[in-house]
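# Notes for the structure review
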Amino acid sequence: MSIWKYANPAQFMRTTDGLLPWLVGAAAICCTAGVVWGFLTPDDFRQGSTVKIVFLHVPAAMMAINIWVMMLIASLIWIIRRHHVSALAAKAAAPIGAVMTLIALATGAIWGQPMWGTWWEWDPRLTSFLILFLFYVGYIALWSAVEDPDSAADLTGVLCLVGSVFALLSRYAVLFWNQGLHQGASLSVQSGERMSHVYRYPLYLAMLGFFLLFLALLLIRTRTEIRRRRLAALQAREMRA
Amino acid sequence: MIDLGRYATTVLMAYGVSIALIVGLVWQTVAANARARRALEEHDRHG
Amino acid sequence: MIALLLRDLRLATRAGGGFGLGVAFFLILSALVPFGVGPDRATLAPVAPGILWVGALLACLLSLDRLFALDHEDGSLDLLATAPLPLEGTVAIKALAHWITTGLPLVLAAPLFGVLLQLPGQAMPWLVVSLAVGTPALSMLGAFGAALTVGLRRGGLLLSLLVLPLYIPTLIFGAEITRRGAEGQATATPLLFLAGITLGVLALIPWAAAAALRVNLR
């Protein structure tokens with residue numbers, strides 16, 4: 001299987017047409033199961049029932065970062081090799097990433113209220129996510145502002161590259177600026193047991209669910225973009241004729 | 001119904017906001033897709 | 001290249017206002033803040049480094065949308081793009097001209113506004129140094145944002161949305177230098193970070209900005 005086969009939008013539409021129902025089903029099952037299982041876990045002895053928020057907070061935060069990375073890779077593929085579907089996939093991913101960032105920020109704020117006694121703290125992790133959200137907003141705004149689709153893809157691609165560097169730079173600059181309240185990574189391979197199995201398995205399931213949800217939404221949104229562009233191309237041809 | 005203790009509002013609010021955001025995103029995605037498909041079909045039918 | 005620089009500088013001064021507008025904005029901002037937070041020395045002094053840096057940032061942002069827009073409208077940008085001078089060089093020169101007309105006056109005038117905001121005397125040299133080191137990065141990043149939005153009708157607002165997140169690292173380190181200077185702490189670490197960011201931006205952003213310009217001129 002090669003991604004170049006899917007540079008042909010018709011081929012992409014055919015393949016995803018068969019794939020989508022399965023993906024949507026799997027995403028719905030994993031998401032629901034992960035979140036419901038998470039909701040039914042016992043309370044943590046220190047954080048009480050607020051520990052249940054982790055099953056939304058962590059997967060959303062994880063996806064918020066990974067979606068940006070995916071957009072970066074898709075933009076690179078577009079800039080280097082003019083893979084049209086790749087550019088549209090980057091465009092399609094951005095709103096999903098922005099919503100994931102928003103979920104991570106919102107659940108974090110709601111969680112922080114009883115735990116830290118404040119809705120918002122200028123903590124490195126929180127601040128980095130706010131900055132990430134700003135980058136998503138700028139990226140989406142640039143896509144919607146440029147009319148010519150190929151130019152828009154090029155410009156947003158360059159913005160995504162520069163933005164990635166600066167998002168990373170801001171992450172460490174912010175760390176320098178203020179040490180925070182946020183706990184370190186809850187899941188880590190090296191550090192061994194940091195989280196009980198009771199929480200860990202539903203969390204993995206919720207992560208898988210969020211990932212599948214992203215994939216399903218991404219495919220649907222990319223298909224929407226392909227259809228829009230096809231319609232625009234057909235209309236442009238008629239105008240010329 | 002499970003007991004959420006004194007953090008009930010917090011937990012429910014977090015779940016409520018998240019689910020609302022996800023449902024909104026899904027709804028927007030599906031609606032936009034349906035709109036694009038309909039527009040394309042319309043165009044095909046009229047030539 | 002020097003001819004282009006001189007042309008840009010002459011245009012900026014001749015248009016009137018372009019040269020001093022940033023400083024005037026800076027002055028108004030420094031005058032407004034005490035009205036907002038109160039004239040008390042104890043409240044003003046701690047926030048002064050941050051206010052001055054944010055003010056410099058916004059003043060820099062003000063004149064950005066004209067960086068390429070005027071040349072784009074009268075067609076001279078197309079000429080510059082086809083000139084033997086590489087577009088990357090053109091971008092760098094334009095950013096330099098922008099820095100000389102807005103960044104440099106800000107650097108020179110900053111101590112004056114520091115006095116207005118009750119910035120402690122020992123912080124003054126650090127304020128000037130941090131602005132001198134940091135503002136070239138602001139101009140260059142602004143040139144990148146201006147290149148992205150050059151052909152757009154509602155480019156101005158979008159430009160600030162795109163450019164402001166890119167300013168965050170510079171702002172953090174710049175304000176940190178001034179704050180540490182005010183408290184009499186060591187300033188070498190943030191200064192090195194700031195210089196690193198500025199040098200990296202000056203070295204790499206011209207290529208990104210030139211790529212964006214080429215797309216917009218296509």
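Residues numbered from 1 in each chain as written. Chains lettered and ligands numbered in written order. Predicted model: local features only at pLDDT ≥ 70, side-chain atom pairs only at ≥ 80, totals over all residues. Heavy atoms only, no water.

## Topic: the overall build of chain C
The helix and strand tally for chain C stands at nine helices and zero strands. Listing the helices and strands of chain C from first to last along the sequence gives α-α-α-α-α-α-α-α-α. In terms of overall size, chain C behaves like a compact globule, its C-alpha atoms giving a radius of gyration of 18 Å where 218 residues would be expected to give roughly 17 Å. Along the first, second and third principal axes, the C-alpha set of chain C runs to 55 × 35 × 30 Å. Out of the 218 residues belonging to chain C, those deemed buried represent 54%. Long-range pairs, those at least 24 residues apart, make up 79% of the contacts in chain C with a sequence separation of at least 6. Accessible surface computed for chain C: about 9,300 Å², of which carbon and sulfur atoms make up 72%. Both charge centroids of chain C, one from 12 positive and one from 10 negative side chains, sit 2 Å from each other. (Helix = DSSP H or I, 4+ residues; strand = E, 2+ residues; numbered from the N terminus. Rg over C-alpha atoms; globule rule 2.2 N^0.38 Å. Buried < 20%, exposed > 50% of the residue type's maximum accessible area, 1.4 Å probe, protein only. Contact = heavy atoms within 4.5 Å. Areas by Shrake-Rupley, 256 points an atom, 1.4 Å probe, with all protein chains shown as cover. Lys, Arg positive; Asp, Glu negative; His and termini not counted. Charge placed at Lys NZ, Arg CZ, Asp CG, Glu CD.)

## Some details on the interface of chain A and chain C
Counting residues at the interface gives 27 residues for chain A, matched by 30 residues for chain C. For the chain A and chain C pair, buried surface summed over both sides reaches about 2,200 Å², with 81% attributable to carbon and sulfur atoms. On the chain A side of the interface with chain C, the three residues burying the most area are Leu 155, Phe 166 and Phe 176 of chain A, jointly 27% of the side's total. Applying the counting rule to chain A against chain C returns zero salt bridges. In this assembly, chain A and chain C are joined by zero residue pairs in polar contact (both at pLDDT 80 or more). Element by element, the count of residues in the side of chain A that touches chain C is highest for helix α5 (residues 149-177) of chain A, at 15 residues. Of the residues that constitute the side of chain A that touches chain C, the class distribution is 19 nonpolar, five polar and three charged. (Buried area = accessible area lost by both parts, 1.4 Å probe. Salt bridge = Lys/Arg side-chain N within 4 Å of Asp/Glu carboxyl O. Polar contact = N/O pair within 3.5 Å; in protein donor to acceptor, adjacent residues only side chain to side chain. Nonpolar A, V, L, I, M, F, W, Y, C, P; charged D, E, K, R; others polar.)

## Let's talk about the interface of chain A and chain B
Counting residues at the interface gives 39 residues for chain A, matched by 28 residues for chain B. Roughly 2,900 Å² of surface becomes buried between chain A and chain B when both sides are summed, with 76% attributable to carbon and sulfur atoms. Of all residues in chain A, the largest losses of buried area upon contact with chain B belong to Phe 39, Ile 110 and Arg 227 of chain A, amounting jointly to 21% of the total for that side. Our count for the chain A to chain B interface comes out at zero salt bridges. For the pair chain A and chain B, the interface holds five residue pairs in polar contact (both at pLDDT 80 or more). Those elements giving two or more residues to the side of chain A that touches chain B turn out to be α1 (9-40), α2 (54-81), α3 (84-116) and α6 (197-240) of chain A. In terms of residue count, the dominant contributor to the side of chain A that touches chain B is α6 of chain A (14 residues). The residue inventory of the side of chain A that touches chain B, partitioned by class, reads 23 nonpolar, eight polar and eight charged.

## Thoughts on the arrangement of the chains
Summarising the chain contacts, two pairs of chains touch, and the pair with the most contacts is chains A and B. Spatially, chain B is disjoint from chain C: no contact exists, and the shortest C-alpha separation is 23 Å.

## Description of the UniProt feature "transmembrane region" (unreviewed entry) in chain C
Residue and element names in this part refer to chain C. UniProt annotation of "transmembrane region" (unreviewed entry) refers to residues 12-37, 43-64, 96-117, 123-150, 157-178 and 190-213 when read in the numbering used here. Summarising residues 123-150: 89% helix, 0% strand, and an end-to-end C-alpha distance of 38 Å. Secondary structure content for residues 157-178 is 100% helix and 0% strand, while the C-alpha to C-alpha distance between its ends is 29 Å. (UniProt positions renumbered as here; feature names shortened; annotations may be inferred.)

## What to know about the pattern of salt bridges
All names here are of chain A. If you walk through the whole model with that rule in mind, you get nine salt bridges over all chains. A salt bridge links Arg 229 to Asp 150, with the nearest nitrogen and oxygen atoms 3.4 Å apart. You can see Arg 229 sitting in helix α6 and its partner Asp 150 sitting in helix α5, a full 79 residues away along the chain. When its relative accessible area of 30% is taken as the criterion, Arg 229 is described as partly exposed. Connected through shared salt-bridge partners, Lys 91, Glu 225 and Arg 228 make up one network.

## Some thoughts on empty space enclosed by the protein
Vacant regions in the atomic arrangement are exposed by a probe of water-molecule size rolled over the atoms. Under the counting rule described, the total for this entry stands at one cavity of 30 Å³ or more. Within this model, the largest cavity holds a volume of roughly 40 Å³. Taken together, Trp 68, Leu 134, Phe 135, Gly 138, Tyr 139, Leu 159 and Gly 163 of chain A together with Leu 161, Leu 162 and Pro 165 of chain C make up the full set of residues lining the largest cavity. Mapped onto the lining of the largest cavity, the elements with two or more residues apiece are α4 (124-145) and α5 of chain A together with α8 (155-183) of chain C. (1 Å grid on protein atoms, 1.4 Å probe; cavity = no way out; pocket = protein on both sides within 12 Å on 5 of 7 lines; lining within 4 Å. Points joined across faces, edges and corners; volume = space filled by probe spheres on them.)

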